[in-house]
Each structure stands twice: as C-alpha cells, then as structure tokens.
Amino acid sequence: MHEKVRISFIAGATILAGLSTTRCNSAPETTNVVQGGSVETIREDGDLIVLTLEGPTTFSASRAGAIGYEADLMKAFAEDLGVTPRFIQMDSIDEILDAMEDGRAHLAAANLTITDARKSRLSFGPAYRNVEESVVCHQSGPAPQTVEALSEVSLSVVRGSTYAETLEGLSEDYPALSFETEIAGSALPMLRDVAEQRVDCTVADSHLAEYARRLYPDLVIPMTLTEARPLGWVYNSNISGMDQALAGWFMEAHANGYLMELDEHWFGHLDEFDYVEVLRFVERVEDRLPLYRNYFEAAAEEKPFDWLLLAAQAYQESHWDPDAVSPTGVRGIMMLTRPTAQEVGIQDRTDPAQSVDGGARYLERLYERLPDAIQGEDRLWFALAAYNVGMGHVYDARTLARRQGLDPNDWQNIERMLPLLTRPKYYNSVNHGYARGYEPVRYVERIRDYYNMLRANVPV
C-alpha cells in the first residue's frame, strides 16, 4: 500500500521564543538548534530546521503535511540528506532574515530574492528560479503602465520585501510615488485586496501574480518593475559543509531535470489563462463544492490521495454536476461507466455520495495496479490517465517509451508517448491499438491545474 507522505511542520514563529517547538502529531518538545556544527551533525540529529512563510508558492500546512513549491523543493533536498525537514512558519520576511542572521535555523526557504543588500548580511545558496516583480491591478480599475501612472494609484506591498525596496528606489526619481506596507507571508493577502478592490494595485513575484489570477480572474498585470532576478535559500554559514551540500544538490537537480519538472508541476500551465473558465471555476468553488465536500473527504480517507485531488478530478469530469451525462453514456459527478459502477458496487451513478465513493475506489484500484517502479506524484498522474483512457493504453505508452530509450516510469515521458497512439505507425505496433492519446494528457493537466487552485484557495 502506498501511503500519503507526512512532513513535520511548526506553526508560528516559535523559534524566536527559545526554540520551543511542536512537531506535527506529537507532543511538545524543546530543540536547541546549534549555531555551528556541520552537515554531518544534522544527519546524525535527523532534523533539518527550515524557516518559511505561508503562501501558495511557498508553504502551507495541511493534514497531509507540508505543501507548496518551496516545501516540495526542500523535502527533496532533505530526503537527499537523509533527514526530516521541520518547517517553522514565520510571520514576516523581516523575522526570517533576522533569525537567519542570528543563526537560529539551518535554512530559510521562502521565495527570497537574492539582492546585493541581502547578500551583505546573509549567505545564499544557488539560484533555482528567476522571477520578475509584477504590478497587479483590477481589470475594472487603473492599470498603470509607467512609473508616473503608478504614482497616481493606491498601492500596498509586503513589508520587508524586495517590492518595497524597488518602490523606495523608484521614489527617489518619482517623489509622487507612495505606497503602504503590510506584514504578510506572501503577496497573496494584498492580491486579494486588489481583487476585492480595497486597493488599486500591489506588486508580486511574477509566478505568484500568475498563480493568483487563477484564484482571482479579475486581476491584470499591466507592467513589471524589474528584470528577472534569482530566488535562493538562505543558509546558516556557521554550519560546515552546508554551502557545498547545497551547491552539489542544486547542480544535480538542474542536471537531472528535477527543477524543470517541479517548475512544470507548479507553474507550467499558468500561461494557459482562460478568464471565462477560471471565473466559472471560482464561482463553482463557492456555490457547488460545499455541497459535496463531505463526500470527497469521506471517500479520500485511507486513500493514497487527498480529497482536494478527488474534487479536482470530479470537476474535470462533471463540473460537480451529479446529473451530468456524456454522449457515450457515462454519468454522475465522477462520470462512471455502467461496468465500472458495477465493478465498484455502485447502484445509482447519479447519487453524488455513491458516485464519489465509487470513483475514489476505482482510482485507488488503478493506482495500486501500477508497477512499483512508478513512484511519487508520477504514480497518481499515471492512475488518472488510466481512469480516462484505460490502463491498457497507458501500458502501451510505456512500451513506446522503452522503445525510444526513455524511462517508462516518468510521467513526462508518457505525456509524450500517449499522443503517438493516434498514429497508425505506433498504435498498430502495440497491444491495445488506437487511442485518443491527447485526451488523457490534457485530462491530467487540467486536474493538476484545478488541484493547485483548490490547494491555494480552499481551507483543508
């Protein structure tokens, strides 16, 4: 049985109060984070203390553990070290930078832009992503495209951020430029304020700005303030070997494609913005999802996936419409065929509780049937593709991958192979013949997109 991964996290800036911390699902304990030591002593201790900020592209705590782009990246690094990441959620950028300057943690991972000013007081690891600073406004309000025009709008940004630094620098040449600052873990609260028209504009990293448009489709990005600048982790320079460990791991993560894969997972589809579709989705999150949330939560119990993933799949299948019917006869909120419903013991496909439960059990069966060599999130994407197109065609795509010298257990390779099953040259050479191979690829992409939007916008 493949289990959900659980990662330790600590809510609140407890590291500032004598480092009395609380593990997820355990009793309180006291940890003394050494200001010196080495990577080897961290391995012996087994814990990697990581400061972070709450946000959809950084870290969020859930019942399934830590989620977020930064969280995923840190978990991979910690796994390579053979330790457990203990995330400590701080309240502001300034708190993180001050705590790291004092040597009160091993690492800080919080979408921190590497600047000369920050490098003068802190040690940064290798850059792993480049971002621009984007001005974000409401589509029905002012949309400045110059700094002069920006001086005429109400503007609020994260306190202690590079956005504030950038605006302060610009104000030297444009004295009319003014802005407010707020303490926040990310720009998301300010983006929400813009969406609700409490303030005209804000500034956010480009990837977060695009991400936020999936939550608030009325947001627009009229201009950028900076060229692309790198993000990096801050590390405790008193820990011997940490700089080499980071340099070596990031070099390998670049070389083996992990960073590209993680970027694609979190941000790969953000350029496919469809205002009408996202607006419809956001409306249905408010209007329809609460009607069925309990069913998704119950169905996901003891499953290798969480209820948000199941809800995302159901949205792709039926837009959470229990009466949905396709021309081919599949029906219900999980769009089950009659044979599949019989296989999982469902009597009424239009009953939402039965349909969700049946769909979850069928997806779990597909997940468990896959070869053990398919691991991690790839295993889930394979199972979803099989739900859509059938396991036989997924196996055929794996066969094609082997023939081309590709890893058949890597979802990115299968994404490339499935569309080949529309071409006689390929489908005539495999066991299960023709398939509409583009459909499962798009199916999985959309579910991943809805899943990320739900994770960012729905309390768990």
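Cut-offs used in this document
Each residue is numbered by its place in its chain's sequence as written, counting from 1. Side-chain atom pairs in this predicted model are given and counted only at pLDDT of 80 or more, local residue features only at pLDDT of at least 70, and totals for whole chains, interfaces and linings cover all residues. Side-chain metrics rest on all non-hydrogen atoms present in the structure, leaving aside hydrogens and water. A run of DSSP states H or I qualifies as a helix once it reaches four residues; a run of E qualifies as a strand once it reaches two. Both are numbered from the N-terminal end. Residue burial is assigned from relative accessible area. The probe radius is 1.4 Å, only protein chains are included, and a residue is buried under 20% of its type maximum, exposed over 50%, and partly exposed in between. Two strands form a pair only when DSSP identifies at least two bridges running between them. Two residues form a contact once any of their heavy atoms are found within 4.5 Å. By definition here, a salt bridge exists when the distance from a side-chain nitrogen of Lys or Arg to a carboxyl oxygen of Asp or Glu is within 4 Å. Within this scheme, the nonpolar core is defined by two criteria: the residues are buried Ala, Val, Leu, Ile, Met, Phe, Trp, Tyr or Cys, and they are joined through side-chain atoms within 4.5 Å.

Q: Run through unusual backbone geometry, naming residues and quoting values.
A: Excluding glycine, residues mostly have negative phi values, and the peptide bonds linking residues are mostly trans. The backbone phi angle of Gln 197 is positive, close to 60°, even though this residue is not glycine. Positionally, Gln 197 belongs in the loop between α7 (188–195) and β14 (201–205). We note that Glu 302 has phi near 65°; this positive angle belongs to a residue other than glycine. By the element assignment, Glu 302 lies in the loop between α12 (289–300) and α13 (307–318). Note on Glu 302: relative accessible area 66%, which makes it exposed.

Q: Could you give an account of the pairing of strand β7 (residues 84–90), with specific residues and numbers?
A: Taking burial as the measure, the seven residues of β7 include six buried ones, the bulk of the element. Where strand β4 (residues 47–53) meets β7, seven bridges bridge the pair, whose relative direction is parallel. Looking at the pairing, Ile 49 lines up with Arg 86 of β7.

Q: An account of the side chain of Arg 129 is requested, with residue identities and associated values reported.
A: By the element assignment, Arg 129 lies in strand β10 (residues 129–131). For Arg 129, the contacting residues outside a window of four places in its chain are Tyr 69, His 207, Arg 229, Pro 230, Leu 231, Asp 263 and Phe 267.

Q: Break down the pattern of salt bridges for me, citing the residues and quoting the values.
A: Per the counting criterion, the structure on display carries 16 salt bridges. A salt bridge links Asp 263 to Arg 129; the shortest N-O distance between them is 3.1 Å. With Asp 263 in helix α10 (residues 258–267) and Arg 129 in strand β10, this pair connects stretches of sequence that are 134 residues apart. Where Arg 198 meets Asp 193, a salt bridge forms, and the shortest distance between an N and an O atom there is 2.7 Å. A single salt-bridge network, built from bridges that share partners, covers Asp 98, Glu 101 and Arg 121.

Q: Before we move on, can you summarise the nonpolar core with the specific residues and values?
A: Across soluble globular proteins, nonpolar side chains have a tendency to be buried as a group. Ile 96, Phe 296, Trp 320 and Leu 454 are the most contacted members of the largest nonpolar core, which has 114 residues in total. Among all residues touching Leu 454, those that are not within four sequence positions of it are Phe 281, Val 285, Leu 289, Leu 308, Ala 311, Ala 312 and Trp 320. Core analysis: the next-biggest nonpolar cluster, separate from the first, contains 35 residues, Val 39, Ile 42, Tyr 69 and Leu 262 among them.

None of this, on its own, says anything about what the molecule does.
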